[in-house]
Amino acid sequence: QVHLVESGGGLVQAGGSLRLSCAVSGSIFSVNNMGWYRQAPGKQRELVAAITSGGSTNYLDSVKGRFTISRDNAKNAVYLQMNSLKPEDTAVYFCNAEVKATIFKRGQDYWGQGTQVTVSS
């Protein structure tokens, strides 16, 4: 069993900052790609930022320069620092990780339960 637990969401005024955290626990041999997705009401879930096990990153165009994804491989954790937040960033943010339970198994995608981020104007 693998579990992803997120924290750090909340309500913030436009221009403010929040830091999301996600910890992976359970039966883990390795954690490969990790990422943050978000889903606003009535919209599809979209990739916000992703990071490989080697540290390469990519971002949704609308968050480039404002959000930073990072990870701590020793803790199997991923973080999303969100600065200069805008009302359009309001959404439920989900952590995603590709986890190999053993050396013999293929990686599987796991999701956190989601954390609400609300940015007021």
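Right, let's walk through the structure included here. (Residues numbered from 1 in each chain as written. Predicted model: local features only at pLDDT ≥ 70, side-chain atom pairs only at ≥ 80, totals over all residues. Heavy atoms only, no water.)

## Some words on the side chain of R66
Stated precisely, the cut-off is as follows: Helix and strand assignments come from DSSP, with helices taken as H or I runs of at least 4 residues and strands as E runs of at least 2, each series counted from the N terminus. For every residue, the accessible area (1.4 Å probe, protein chains only) is compared with the maximum for its type, and the residue is labelled buried under 20%, exposed over 50%, or partly exposed between those bounds. By definition in these notes, contact holds between two residues if any of their heavy atoms fall within 4.5 Å.
As for its position among the elements, R66 is in the loop between β6 (57–59) and β7 (67–72). On the basis of relative accessibility, which here comes to 10%, the residue R66 falls in the buried class. Among residues more than four places away in sequence, those in contact with R66 are Q81, M82, N83, S84, L85, K86 and D89.

## Regarding the sheet that holds β7
Put simply, the rule is: Here, any two strands with at least 2 DSSP bridges between them count as paired. Axis geometry follows a simple rule: fit a line to the C-alpha atoms, using only the stretch in contact for helices, then measure angles between N-to-C directions, giving values from 0 to 180 degrees.
Strand order in the open sheet formed by four strands is β1-β3-β8-β7, and the pairing between neighbours is antiparallel. Pairing within the sheet leaves two strands with one partner each, and these edge strands are β1 (2–7) and β7. When the angles between neighbouring strand axes are averaged without regard to direction, this sheet yields 15°. Bridge analysis of β1 against strand β3 (residues 18–26) gives six bridges, and the strand direction is antiparallel.

## Thoughts on the state of the cysteines
What counts is decided by this rule: In this description, a disulfide is simply a cysteine sulfur pair whose atoms lie within 2.5 Å.
In this structure the tally under the stated criterion is one disulfide. Residue pairing for C22: its cysteine sulfur links by disulfide to C95, the two sulfurs lying 2.1 Å apart. Residues C22 and C95 share a disulfide whose torsion about the S-S bond is about -80°; that sign makes it left-handed. Highlighted residues: C22 in strand β3 and C95 in strand β9 (residues 91–100), separated in sequence by 73 residues. A single burial state applies to C22 and to C95, both of which are buried.

## Details of unusual backbone geometry
Unlike most non-glycine residues, N76 shows phi in positive territory, near 50°. Mapped onto the elements, N76 comes out in the loop between β7 and β8 (77–82). Even without a glycine there, the phi angle at S84 is positive, about 50°. Relative to the helices and strands, S84 resides in the loop between β8 and β9. The exposure class of S84 is partly exposed, given its relative accessible area of 40%.

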